[in-house]
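# What the coordinates show
Here are the chains, one letter per residue:
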Amino acid sequence: MSRDLHRLHLVVSGQATDLAEWGDDGWRGLATQAEEEGVEGLFYQRCRAAGVPLPADIEEEFRAVYRETAELNFVALEELRGVLEGLQDEDVAPLVLPGAPLLALYPDPGCRPMDDIDILVPPGFGPRLKEALEVCGFTSPARHNELFVRGRLTLDLHDDLLNCGRIGSRRHAGWMEPGEVWRDRREEWVEGIPMTVMCREDSLLFTAVHALRHGFGRFVWFVDLHFLMREPLDWERLRAKAERYRLERPLLYGLRFLRDRLKAELPNRGVEWLEEMRLRSLEERLMERAFVDRGRGEWGDLLWSFSVASRWRQCLFVIETVFPKPSVLLQVFPRLPRPLLPLAYPLRIVQLLARGVSQLAKLVRSR
Amino acid sequence: MDAPKGEKIGSACPGLAYRKLADGGMIYDREKKLVHHLNCTAAHVWEHCQQGDRVDEIAQDLCLRYDVGLQTARADVEMILAEFAAARLIAP
């Protein structure tokens, strides 16, 4: 599996030089992997750009995904353009969080799927921004006051960067100070749209911790990290920020995966930093598990708990992550009527037990 | 609709956004909230339209790109321009 991911990574990061020499069987295996990992669009684009014809059936399938992704992203960004211009006039210009700005690192909008667009609300401007969005015709779905939807554009508003409002103990595992992120922001053109975005160092840390929180579930997050690492970075500033935010471990886990599993070439400063890193043996085992079983958020959360300084806070972090507050649990079980909220906790236990059994079965099968 | 040969063709209607892709391009009509997908040839023609090129110039470029005769290329350009006009992407 790792070998294929290494090869897949070579293709999608535009580093494979021998694409034309792979036989039909080689292509099929790799295409299956690209499909499983949700990078069909980028895979297709790289092959087109290299002038390498894919087997007809794969080409047709991947082209459809590429075009669909391109359309979704193109429309969302064009709609965002209008919204940002309107907000600028209202003097509440927000900061667009990664992913949308990460599209600037990819060849075109068909190459990276994007769900909603995450927005950091300027400190103290929350109510004004929400009001301005409502005036523009945005509405919020039930139980998701932070989401604003209009047509094919969904904005997810944040006032903290690591969703500590949802799970308070996360604050002990890392904290990106919104004031500092605002101070260090920069202006960038993404797909021809001017927007305020994080500085590169903050983008890298944010992307790493986001991937970790979601158990490194999407392959494209590794590609994001790799592309961000290739950008001109101020390493001193990155290390200082990582230390200050307590996000060294999330970033280094991401880099470890890139180097050890995907055999990605990292900048020397990144490699040096990795070599200084000492992991506990349990952490090593969890990393192994997290990679094999990517997509299970629990492994990511467990790994993230190693960033918490004290043991009891680490326990608190794990408990609160597993059993979050009622409003979050209602989002986990969207069909559960609000009056039945007390049932959410037993349901959560059943959900976790079911996952545990499935994990155990997987482990037994793999032996 | 016949585009005049050797003449400048119509200009892109306002409110359109274009994005080149690996296998063509896309046009988004902001007002109608509609996306038009273009294949490689149509994307080339659209890019020429934006530069204000003439039908003959576009046809000559297609000859170089796709190894086709001038007559075939001109017929293709005219057909694509007619489709652009029908979709109200270009105006005279």
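Numbering of residues starts from 1 in every chain and runs along the sequence as written. Chain A is the first chain written and ligand 1 is the first ligand written, with later ones labelled in order. pLDDT decides what is reported in this predicted model: residues at 70 or higher carry local features, side-chain atom pairs at 80 or more are listed and counted, and totals for whole chains, interfaces and linings draw on all residues regardless.

## Some thoughts on the overall build of chain A
Going along the chain from the N terminus, every DSSP run of H or I of four or more residues is numbered as a helix, and every run of E of two or more is numbered as a strand. Helices and strands together make up the secondary structure of chain A, namely 17 helices and 6 strands. In this description the radius of gyration comes from C-alpha coordinates, and the expected globular size is given by 2.2 Å times residues to the power 0.38. For chain A, whose C-alpha radius of gyration is 21 Å, the value lies close to the compact-globule estimate of 21 Å for 367 residues. Counting other C-beta atoms within 10 Å of a residue's own tells you its class, since 20 or more makes it buried, 12 or fewer makes it exposed, and anything in between is partly exposed; those C-beta atoms are placed from the backbone. Looking at chain A residue by residue over its 367 residues, the buried ones come to 35%. A pair of residues counts as a contact when their C-beta atoms, built from backbone coordinates, are separated by no more than 7 Å. Considering only intrachain contacts with a sequence separation of at least 6, the fraction spanning at least 24 residues in chain A is 68%.

## Description of helix 2 (residues 55–66) of chain B
Along an α-helix, residues three or four positions apart point the same way, because every turn accommodates 3.6 residues. Residue and element names in this part refer to chain B. Given a helix with a known number of residues, its expected span is that number minus one, times 1.5 Å. With 12 residues, helix 2 ought to run about 16 Å at 1.5 Å a step, and its terminal C-alpha atoms sit 16 Å apart, in line with that. Tucked into the core, helix 2 has its buried residues touching helix 1 (40–51) and helix 3 (70–86). Directly after helix 2, the chain includes D67, whose backbone phi takes a positive value near 55°.

## Concerning the confidence of the model for chain B
Residues and elements named next belong to chain B. Per-residue confidence from the predictor is reported as pLDDT, which spans 0 to 100. On average, chain B scores 86 in pLDDT, and the residues at 70 or more come to 88%. The least confident element of chain B, judged by mean pLDDT, is strand 1 (residues 11–12) at 74; the most confident is strand 4 (residues 34–38) at 96. Considering only residues more than four positions removed or in separate chains, one finds that residues 1–5, a stretch of pLDDT under 50, has 9 contacts. Quick note on the complex model: pTM equals 0.85, ipTM equals 0.86.

## Focus: the nonpolar core
The nonpolar core criterion groups buried Ala, Val, Leu, Ile, Met, Phe, Trp, Tyr and Cys residues into a set whenever they are joined through C-beta atoms within 7 Å. Counting 106 residues, the largest nonpolar core has F43 and L205 of chain A together with V77 of chain B as the members making the most contacts within it. Per-element accounting of this core gives the leading share, 12 residues, to helix 4 (residues 56–90) of chain A. Look past the residues within four positions of F43 of chain A in its chain and what remains in contact with it is V11, V12, A34 and F62 of chain A.

## Side note on the interface of chain B and chain A
The interface of chain B with chain A comprises 11 residues on the first partner and 14 residues on the second. In terms of residue class, the side of chain B that touches chain A is built from 6 nonpolar, 1 polar and 4 charged. Note that Gly is not counted as nonpolar here; it falls among the polar residues with everything else outside the nonpolar set of Ala, Val, Leu, Ile, Met, Phe, Trp, Tyr, Cys and Pro and the charged set of Asp, Glu, Lys and Arg.

## Brief notes about the packing of helix 11 (residues 248–261) of chain A against helix 12 (residues 268–276) of chain A
Residues and elements named next belong to chain A. Each axis is a line fitted through C-alpha atoms, taken for helices only over the stretch in contact, and angles between the N-to-C directions span 0 to 180 degrees. Where helix 11 contacts helix 12, the two axes come as close as 10 Å, and the packing angle between them is 110°. Taken together, helix 11 and helix 12 sit at an angle that is classed as roughly perpendicular. Across the interface between the two elements, L252, L255, R256 and R259 of helix 11 pack against G270, W273 and L274 of helix 12. For the contact of helix 11 with helix 12, the class distribution of residues is 4 nonpolar, 1 polar and 2 charged. To sort the angles, those under 35 degrees are grouped as roughly parallel, those over 145 as roughly antiparallel, those from 65 to 115 as roughly perpendicular, and the leftovers as oblique.

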